[in-house]
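Each chain, letter by letter, is given below.
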Amino acid sequence: MATNRTFTMIKPDAVANGHIGNILAMITNGGFKIVSLKLTQLTVADAQAFYAVHAARPFYGELVEFMSRGPIVAAILEKENAVEDFRTLIGATNPAEAAEGTIRKAYATSIGENAVHGSDSDENAAIESAFHFAGREQF
Ligand code: IDP
């Protein structure tokens, strides 16, 4: 079933580099409504759990270290066709391949430190939203 919500994180690189405001502006200018929002930090165990699907990948340790090293912004976004449209707005995983006008083209520095996360399916959007936000925090 298609939903109208997706989940995002502004990753530690983009928070540390001062891009929270500009990235939120790109998100809202892209037609997304912010329905949940917080500044938080993942523990190592949180990052391991969030990215458990990548546990067998060679970059997993690097990814967990990166994602837990500093604050992130977590958010739930609402828009028609949210998951697919948000993946378009963030651009390719590797910023060298990201299209002009995408968040990763503007703010990602490498394939690992790529500024933002976007859920890749409706099912994962729901799982990832519940990972970060209690029901009463989802407006
Ligand atoms: P996505 O975030 O565009 O969906 P995935 O393939 O699901 O990309 O990978 C999850 C995250 O893992 C990426 O956003 C990136 O931070 C990291 N990652 C992916 N591939 C590499 C790599 O080759 N080296 C280091 N980190 C990587």
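Residues numbered from 1 in each chain as written. Predicted model: local features only at pLDDT ≥ 70, side-chain atom pairs only at ≥ 80, totals over all residues.

Naming follows an unreviewed UniProt entry, where the protein chain appears as Nucleoside diphosphate kinase of Flavobacterium geliluteum. Taken from UniProt, the Cofactor (unreviewed entry) comment for the protein chain reads in full: "Mg(2+)". Within the UniProt record for the protein chain, the comment given under Function (unreviewed entry) is "Major role in the synthesis of nucleoside triphosphates other than ATP. The ATP gamma phosphate is transferred to the NDP beta phosphate via a ping-pong mechanism, using a phosphorylated active-site intermediate." (UniProt positions renumbered as here; feature names shortened; annotations may be inferred.)

K.L.:
How should the UniProt feature "active site" (unreviewed entry) in the protein chain be read in this particular structure?
P.N.:
The sites that carry the UniProt feature "active site" (unreviewed entry) are, in the present numbering, His117. Inspection of the secondary structure puts histidine 117 in strand β4 (residues 116-118). Histidine 117 sits in the buried class, given 20 other C-beta atoms within 10 Å. Setting aside residues up to four positions removed in sequence, histidine 117 forms contacts with Thr8, Met9 and Lys11. (Helix = DSSP H or I, 4+ residues; strand = E, 2+ residues; numbered from the N terminus. Buried ≥ 20, exposed ≤ 12 C-beta atoms within 10 Å, placed from the backbone. Contact = placed C-beta atoms within 7 Å.)

K.L.:
Would you take a moment to explain the sheet that holds strand β2 (residues 33-40) for this structure?
P.N.:
Consider a sheet: its strands pair through backbone hydrogen bonds, and that pairing is either parallel or antiparallel. The strand order β2-β3-β1-β4 describes an open sheet built from 4 strands, whose pairing is antiparallel. Either end of the sheet is taken by a strand with one partner, and the two such strands are β2 and β4. For this sheet, the mean angle separating the axes of adjacent strands, direction not counted, is 15 degrees. One ladder, built from 3 bridges, connects strand β1 (residues 5-10) with β4; its direction is antiparallel. By the bridge assignment for β4, threonine 8 is matched with glycine 118. (Pairing = 2+ DSSP bridges. Axes fitted to C-alpha atoms, helices over the stretch in contact; angles between N-to-C directions.)

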